[in-house]
Amino acid sequence: AVVSTQSTGAQKVSELKVDESEHRLVLEALDEAKDPKRKCYQLVGGVLVERTVEQVKPNLKNNSDKISALISSLDKNLNSKEKELIDFKEKHGIKVKGEDAVDSGQKKEDSKPSGVLYLN
């Protein structure tokens with residue numbers, strides 16, 4: 001359950017980072033607009049609404065800031081959950097099969113080859 005929660009949380013953070021990037025691109029485009037009274041369109045609840053740059057820009061900036069804060073909060077939460085999971089695994093001696101393969105793969109690279117058969 002904890003692993004699936006972590007996975008879901010990581011996926012949500014990834015989606016939010018894409019949203020944050022899109023907000024940043026739109027804000028940069030709006031910064032280039034010379035006339036604050038210029039028309040622009042904003043999608044609100046599935047409806048495209050005509051507004052001006054000066055009306056849209058503050059809302060967009062506010063949303064971008066909220067997304068950044070949410071990403072930061074979720075990252076902290078994910079990191080703490082990951083630490084809890086690692087501590088729990090160590091405390092109870094739990095090993096996950098996929099994680100063992102990664103660890104042993106790194107150890108095999110460091111050790112000398114043994115039992116290798118060479119054919120010509």
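Look up a bit, the structure's there.
Residues numbered from 1 in each chain as written. Predicted model: local features only at pLDDT ≥ 70, side-chain atom pairs only at ≥ 80, totals over all residues. Heavy atoms only, no water.

## Re the pattern of salt bridges
Counted by the stated rule, this structure contains seven salt bridges. A salt bridge links E54 to K37; its shortest N-O distance comes to 2.7 Å. Here E54, found in helix α2 (residues 53-92), pairs with K37, found in the loop between α1 (2-32) and β1 (39-44); they are 17 residues apart in sequence, far enough to count as distant. Looking at E54, the relative accessible area reads 38%, which means it is partly exposed. (Salt bridge = Lys/Arg side-chain N within 4 Å of Asp/Glu carboxyl O. Helix = DSSP H or I, 4+ residues; strand = E, 2+ residues; numbered from the N terminus. Buried < 20%, exposed > 50% of the residue type's maximum accessible area, 1.4 Å probe, protein only.)

## Structural notes on the environment of S14
Summarising the element assignment, S14 is placed in helix α1. We classify S14 as partly exposed; its relative accessible area is 42%. In this structure the C-alpha to C-alpha distance between S14 and I71, which are 57 residues apart in sequence, comes to 8.8 Å.

## Description of the pairing of β1
Within a regular beta strand, the side chains point alternately toward one face of the sheet and then the other, so they alternate between its two faces. Sheet topology places β1 next to strand β2 (residues 47-52); six bridges connect them, and they run antiparallel. Among the inter-strand pairings, K39 is bridged to a residue of β2, identified as T52. Counting the residues in the hairpin turn of β1 and β2 gives two residues, including G45, whose phi is positive at 60°. (Pairing = 2+ DSSP bridges.)

## Description of the packing of α1 against α2
Contact pair α1 / α2: the axes reach a minimum separation of 9 Å and the direction vectors enclose 155°. Between α1 and α2, the crossing angle belongs to the class labelled roughly antiparallel. α2 is crossed by α1, and the crossing has left-handed handedness. The class makeup of the residues in the contact of α1 with α2 is 17 nonpolar, six polar and 10 charged. (Axes fitted to C-alpha atoms, helices over the stretch in contact; angles between N-to-C directions. Parallel < 35°, antiparallel > 145°, perpendicular 65-115°, else oblique. Left-handed = near helix turned anticlockwise from the far one by under 90°. Nonpolar A, V, L, I, M, F, W, Y, C, P; charged D, E, K, R; others polar.)

## Observations regarding the side chain of E20
Here E20 lies in helix α1. Sequence-distant contacts of E20, that is, excluding residues within four places in its chain, are made with I67, S68 and I71. (Contact = heavy atoms within 4.5 Å.)

## Structural notes on the nonpolar core
Judged by nonpolar contacts, L27, L30, A33, C40, V53, V56 and L60 together constitute the single largest core of seven residues. Of all elements in the fold, only α1 and α2 reach the threshold of two or more residues within this core. Top contributing element to this core by residue count: α2, with three residues. Apart from the residues within four sequence positions on either side, L27 is in contact with K57, L60, K61 and S64. Ranked by size, the runner-up nonpolar core spans five residues in total, among them V13, L16, I67 and I71. (Core = buried A, V, L, I, M, F, W, Y, C linked by side-chain atoms within 4.5 Å.)

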